[in-house]
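Residue-level structural notes
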Amino acid sequence: MSFIVDYYNYWIVVFLMMAGFYIVISANNLVKKVVGLNIFQTSVFIMYISIGKVSGGSAPILADGITSYSNPLPHVLILTAIVVGVATTAVGLALIVRIKRAYGTVEENEFKDKDALI
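Conventions and cut-offs
Residues numbered from 1 in each chain as written. Predicted model: local features only at pLDDT ≥ 70, side-chain atom pairs only at ≥ 80, totals over all residues. Heavy atoms only, no water. UniProt positions renumbered as here; feature names shortened; annotations may be inferred. Helix = DSSP H or I, 4+ residues; strand = E, 2+ residues; numbered from the N terminus. Buried < 20%, exposed > 50% of the residue type's maximum accessible area, 1.4 Å probe, protein only. Contact = heavy atoms within 4.5 Å. Areas by Shrake-Rupley, 256 points an atom, 1.4 Å probe, with all protein chains shown as cover. Lys, Arg positive; Asp, Glu negative; His and termini not counted. Charge placed at Lys NZ, Arg CZ, Asp CG, Glu CD. Salt bridge = Lys/Arg side-chain N within 4 Å of Asp/Glu carboxyl O. Expected span 1.5 Å × (residues − 1). Axes fitted to C-alpha atoms, helices over the stretch in contact; angles between N-to-C directions. Parallel < 35°, antiparallel > 145°, perpendicular 65-115°, else oblique. Nonpolar A, V, L, I, M, F, W, Y, C, P; charged D, E, K, R; others polar.

The name an unreviewed UniProt entry gives the protein is Na+/H+ antiporter subunit C, with Thalassotalea mangrovi as the organism. Recorded in UniProt under Subcellular location (unreviewed entry), the annotation for the protein is "Cell membrane". Quoted verbatim from the Sequence similarities (unreviewed entry) field of UniProt, the annotation for the protein is "Belongs to the CPA3 antiporters (TC 2.A.63) subunit C family."

Set out below in structure tokens:
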């Protein structure tokens, strides 16, 4: 039981990753696919932040009596990844709007059928 409690953040990562992946492969709606990708991406963020945290570690500021520091690099990389993720989501949603205007639907199977007729 302590294994589950001690590593709860990794269990959350696995759950979010599988939920996001399932949404991406099972949904025909393009907006749902983008939401699934965002959930998957969030799980990766949580994983990297979990790896960067050292138990009992403090901020990487030199001070007397502190010997254990948390690595700030994963947190900095995740901040950059969040910005890139928001921009990518915006582009994906803009493409979905264009698909909706061109085909009249955001259901993947419906506009693939319409595209096959052309």
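There is more to say, and it comes next.
**Digging into the overall build of the protein**
What the protein contains, in helices and strands, is five helices and zero strands. From first element to last, N terminus to C terminus, the protein shows the α and β order α-α-α-α-α. Counting only C-alpha atoms and orienting by the principal axes, one finds that the protein spans roughly 70 × 35 × 15 Å. Taking all 118 residues of the protein together, 21% fall into the buried category. Here the analysis covers contacts within the protein between residues at least 6 apart in sequence; of these, 45% occur between residues at least 24 apart. As displayed, the protein has an accessible area near 8500 Å², and 71% of this comes from carbon and sulfur atoms. In the protein, 8 positive and 7 negative side-chain charges are present, and the distance between their average locations comes to 9 Å.

**Observations regarding the pattern of salt bridges**
Taken as a whole, this structure holds one salt bridge when the rule is applied. Linking Lys33 and Glu108 is a salt bridge whose minimum nitrogen-to-oxygen distance equals 3.5 Å. On the criterion of sequence distance, the pair formed by Lys33 in helix α3 (residues 30–52) and Glu108 in helix α5 (residues 108–117) is long-range, its members being 75 residues apart. Judged by relative accessible area, which is 17%, Lys33 ranks as buried.

**Some points on α3**
Between its terminal C-alpha atoms α3 stretches 33 Å, which fits the 33 Å expected from 23 residues at 1.5 Å a residue. Every buried residue belonging to α3 is among Leu30, Lys33, Val34, Gly36, Ser43, Phe45, Ser50 and Gly52, and all of these are buried.

**Digging into the UniProt feature "transmembrane region" (unreviewed entry) in the protein**
Within this numbering scheme, the UniProt entry marks residues 12–31 and 75–97 as carrying the feature "transmembrane region" (unreviewed entry). Each end of residues 12–31 is marked by a C-alpha atom, and these two atoms are 23 Å apart; helix forms 85% of the span and strand 0%.

**Description of the packing of α3 against helix α4 (residues 73–103)**
α4 packs onto α3 with a crossing angle of 175 degrees between their chain directions and a minimal axis gap of 10 Å. As the angle between them shows, α3 and α4 are arranged roughly antiparallel. For the pair formed by α3 and α4, the contact residues are Leu30, Val31, Val34, Asn38, Gln41, Phe45, Tyr48, Ile49 and Gly52 on the first element and Pro74, His75, Ile78, Ala81, Ile82, Gly85, Thr89, Leu93, Ile96 and Ile99 on the second. Counted by class, the contact of α3 with α4 contains 13 nonpolar, six polar and no charged residues.

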